[in-house]
Amino acid sequence: MPRFPAPACEEMDTTLSVINQCAQQALLSFMYSNLQYPQEARQNGNEGTVVASFVIEKDGSISNPEIVKDVGGGTGLEVLRIINALDQSG
(Lines give C-alpha, C1' and ligand atoms only; values in the text may rest on other atoms or scores of the structure.)
Protein backbone atom coordinates (compact mmCIF):
# COMPACT_ATOMS: atom_id res chain seq x y z
CA MET A 1 0.00 0.00 0.00
CA PRO A 2 1.22 3.53 -0.69
CA ARG A 3 2.07 5.77 2.24
CA PHE A 4 2.98 9.40 2.72
CA PRO A 5 6.68 9.96 1.97
CA ALA A 6 8.21 10.72 5.35
CA PRO A 7 11.99 10.09 5.29
CA ALA A 8 12.20 9.94 9.09
CA CYS A 9 9.62 7.14 9.09
CA GLU A 10 11.23 5.20 6.26
CA GLU A 11 14.58 5.17 8.08
CA MET A 12 13.11 3.67 11.26
CA ASP A 13 14.40 0.23 12.19
CA THR A 14 11.09 -1.24 13.31
CA THR A 15 7.99 -3.07 12.06
CA LEU A 16 6.03 -2.11 8.97
CA SER A 17 3.04 -1.34 11.19
CA VAL A 18 5.02 1.25 13.17
CA ILE A 19 6.41 2.78 9.95
CA ASN A 20 2.88 3.04 8.53
CA GLN A 21 1.64 4.67 11.74
CA CYS A 22 4.53 7.16 11.62
CA ALA A 23 3.75 7.99 7.97
CA GLN A 24 0.07 8.47 8.83
CA GLN A 25 1.03 10.94 11.59
CA ALA A 26 3.34 12.75 9.15
CA LEU A 27 0.47 13.01 6.66
CA LEU A 28 -1.87 14.46 9.28
CA SER A 29 0.83 16.89 10.39
CA PHE A 30 1.32 18.01 6.78
CA MET A 31 -2.41 18.53 6.32
CA TYR A 32 -2.90 20.40 9.61
CA SER A 33 0.05 22.70 9.00
CA ASN A 34 -1.06 23.55 5.44
CA LEU A 35 -4.83 23.76 5.84
CA GLN A 36 -6.23 27.29 5.72
CA TYR A 37 -9.89 27.37 6.73
CA PRO A 38 -11.60 29.60 4.13
CA GLN A 39 -12.70 33.04 5.32
CA GLU A 40 -16.09 32.61 3.64
CA ALA A 41 -16.70 29.41 5.62
CA ARG A 42 -15.73 31.17 8.85
CA GLN A 43 -18.07 34.08 8.14
CA ASN A 44 -20.98 31.81 7.20
CA GLY A 45 -20.41 29.39 10.06
CA ASN A 46 -19.79 26.46 7.71
CA GLU A 47 -18.61 23.49 9.76
CA GLY A 48 -18.43 19.79 9.15
CA THR A 49 -16.40 17.22 7.31
CA VAL A 50 -15.40 17.48 3.69
CA VAL A 51 -15.03 14.08 2.05
CA ALA A 52 -12.72 13.70 -0.92
CA SER A 53 -11.59 10.84 -3.10
CA PHE A 54 -8.49 10.45 -5.22
CA VAL A 55 -6.30 7.76 -6.74
CA ILE A 56 -2.67 7.21 -5.83
CA GLU A 57 -0.95 5.96 -8.98
CA LYS A 58 1.85 3.38 -9.02
CA ASP A 59 4.43 6.16 -9.36
CA GLY A 60 3.03 7.88 -6.24
CA SER A 61 1.31 10.69 -8.11
CA ILE A 62 -2.29 11.62 -7.34
CA SER A 63 -5.02 11.61 -9.96
CA ASN A 64 -8.78 12.11 -10.14
CA PRO A 65 -9.19 14.26 -7.02
CA GLU A 66 -12.83 15.07 -6.40
CA ILE A 67 -15.04 16.27 -3.58
CA VAL A 68 -17.67 13.73 -2.55
CA LYS A 69 -19.21 15.83 0.26
CA ASP A 70 -18.74 19.56 0.72
CA VAL A 71 -19.90 21.82 3.56
CA GLY A 72 -19.61 24.97 1.45
CA GLY A 73 -17.88 28.28 1.87
CA GLY A 74 -14.84 27.22 -0.12
CA THR A 75 -14.01 24.24 2.08
CA GLY A 76 -14.11 21.78 -0.83
CA LEU A 77 -11.74 23.93 -2.86
CA GLU A 78 -9.35 24.08 0.10
CA VAL A 79 -9.37 20.29 0.41
CA LEU A 80 -8.58 20.00 -3.32
CA ARG A 81 -5.71 22.45 -2.82
CA ILE A 82 -4.31 20.26 -0.04
CA ILE A 83 -4.65 17.11 -2.15
CA ASN A 84 -2.78 18.82 -4.98
CA ALA A 85 -0.11 19.94 -2.48
CA LEU A 86 0.26 16.30 -1.40
CA ASP A 87 1.07 15.42 -5.00
CA GLN A 88 3.83 18.06 -4.98
CA SER A 89 5.29 17.04 -1.60
CA GLY A 90 6.51 13.64 -2.74
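Up top you'll find the structure we're talking about.
Thresholds, definitions, all that
Residues numbered from 1 in each chain as written. Predicted model: local features only at pLDDT ≥ 70, side-chain atom pairs only at ≥ 80, totals over all residues. Heavy atoms only, no water. Pairing = 2+ DSSP bridges. Helix = DSSP H or I, 4+ residues; strand = E, 2+ residues; numbered from the N terminus. Phe/Tyr/Trp six-rings, centres within 6.5 Å; stacked < 30°, edge-to-face > 60°.

Participant: Summarise the pairing of strand S1 (residues 51-56); cite the residues concerned and give the values.
Facilitator: In this sheet, strand S2 (residues 62-69) lies alongside S1 in antiparallel orientation, the contact comprising five bridges. What sits directly across from Ala52, in S2, is Ile67. Counting the residues between successive antiparallel strands, the hairpin from S1 to S2 contains five residues, one of them, Gly60, with a positive phi of roughly 90°.

Participant: Can you break down the packing of aromatic side chains residue by residue, with the values?
Facilitator: If you walk through the whole model with that rule in mind, you get one aromatic pair. Geometrically, the ring pair formed by Phe4 and Phe30 is tilted, given 5.6 Å between the ring centres and 45° between the ring planes. With a gap of 26 residues between them, Phe4 in the segment before helix H1 (7-10) and Phe30 in helix H2 (residues 16-34) connect regions that are remote in the sequence.

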